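Fold and contact review
So the chains spell out like this:
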Amino acid sequence: MLLTILGGCGAWPAAGRACSGYLVEHEGFRLLVDPGYATVPRLLERITADQVDAVFVSHGHPDHCADLNPLLRARTLRDDPPAPLPVYSLPGALDAVLALDRPGMLSGAYVLHEFVAGDPLAIGPFRAQTRPLPHSVPNAGIRLTAGERVLAYTGDTGPSPDVAGLARGADLLLAEATFADRVPRGARRHLSSARQAGRQAREAGARHLLLTHLQPGSDAAAARAAAAAEYDGEIGIATPGLTIDLP
Ligand SMILES: [Zn+2]
């Protein structure tokens, strides 16, 4: 399983950098997880739009799904459009982004598979387990298994024992860490710190922790240090172009 980071900015894109976007590949199948703001230009530096085989969206905030629109446009506004793109999301999560164009314009470009958080999914060669995690809108974490390897991704979440459950024994936990250490009072139920991500990686027994969704302007070294106070394993920061091979 090969993970490529397209972007890892939380909330809004920084100069030259995209929001959440992760390309996960296995046996030639390409799953795009969370096409957030500005991820499509990063994606198209690597593959063509028609080479995406499926999309999974954790939740309906635009920093996690806004670039579904340009991805669908790039597939359908051409002479030989590819087959409709399977898109997996929670019910209603994509209503806004799918309404950006006039009705019907993109309707042939995708097939929407709405699931309930907790449902298992089969996406190409991936087995996926989903789990509801606490956020200001419904959010589904996902545990992707391919061959012997497991990648767990939180989407956006407040602290919850369900994160460790989702990532139990995972090879890699890709965890939202909007803040390094202290989460502002109003966000404490809905977003996490790097320290909390480290604690959850330890509780899960995850082999590797990758911090993502850091708010633009925040100190990556401070985030890494806060996570390291709780977790002994390898800690990385989701930066554009980073690839991690889980062989
Ligand atoms: Zn969010």
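Note that the coordinates shown come from a computational prediction; the quantities given were computed from them, not determined experimentally.

Reading the values: rules and limits
- Residues numbered from 1 in each chain as written.
- Predicted model: local features only at pLDDT ≥ 70, side-chain atom pairs only at ≥ 80, totals over all residues.
- Heavy atoms only, no water.
- Donors = N, O, S within 2.8 Å, 3.2 Å for Na, K, Ca; no water.
- Tetrahedral: all angles 85-135°; square planar, octahedral: opposite > 155°, others 65-115°.
- Helix = DSSP H or I, 4+ residues; strand = E, 2+ residues; numbered from the N terminus.
- Buried < 20%, exposed > 50% of the residue type's maximum accessible area, 1.4 Å probe, protein only.
- Phe/Tyr/Trp six-rings, centres within 6.5 Å; stacked < 30°, edge-to-face > 60°.
- Axes fitted to C-alpha atoms, helices over the stretch in contact; angles between N-to-C directions.
- Left-handed = near helix turned anticlockwise from the far one by under 90°.
- Contact = heavy atoms within 4.5 Å.
- Nonpolar A, V, L, I, M, F, W, Y, C, P; charged D, E, K, R; others polar.

1. Some remarks on the coordination of the zinc ion
- Within the protein, the atoms that donate to the zinc ion are His59 (NE2), His61 (ND1), His135 (NE2) and Asp156 (OD), at distances of 2.2 to 2.3 Å.
- One can describe the donor arrangement at the zinc ion as irregular, given that its 4 donor atoms subtend angles of 89 to 167 degrees at the metal.
- All donors to the zinc ion come from one chain, and their sequence spacing reads H-x1-H-x73-H-x20-D. On the criterion of sequence distance, the pair formed by His59 in the loop between strand 4 (54-56) and helix 2 (62-65) and Asp156 in the loop between strand 10 (149-153) and helix 5 (161-166) is long-range, its members being 97 residues apart.
- Judged by relative accessible area, which is 0%, His59 ranks as buried.

2. Things to note about the packing of aromatic side chains
- Scanning the entire structure with this criterion turns up 3 aromatic pairs.
- For the pair Phe29 and Phe126, a centre-to-centre distance of 6.2 Å together with 70 degrees between the ring planes defines the contact as edge-to-face. One end of the pair, Phe29, is in strand 3 (residues 29-33); the other, Phe126, is in strand 8 (residues 126-133), with 97 residues separating them in the sequence.
- Of the residues examined, Phe29 reaches a relative accessible area of 18% and is grouped as buried.
- With centroids separated by 5.6 Å and ring planes inclined at 20 degrees, the aromatic side chains of Phe56 and Phe115 adopt a geometry described as stacked.

3. Some thoughts on the packing of helix 6 (residues 194-204) against helix 7 (residues 220-228)
- At a closest axis distance of 7 Å, the pairing of helix 6 and helix 7 adopts a crossing angle of 35 degrees. Crossing of helix 6 against helix 7: the hand is right-handed. For the pair helix 6 and helix 7, contact is made by Ala194, Arg195 and Gly198 and by Ala223, Ala226 and Ala227, respectively.
- Here the residues of the contact of helix 6 with helix 7 sort into 4 nonpolar, 1 polar and 1 charged.

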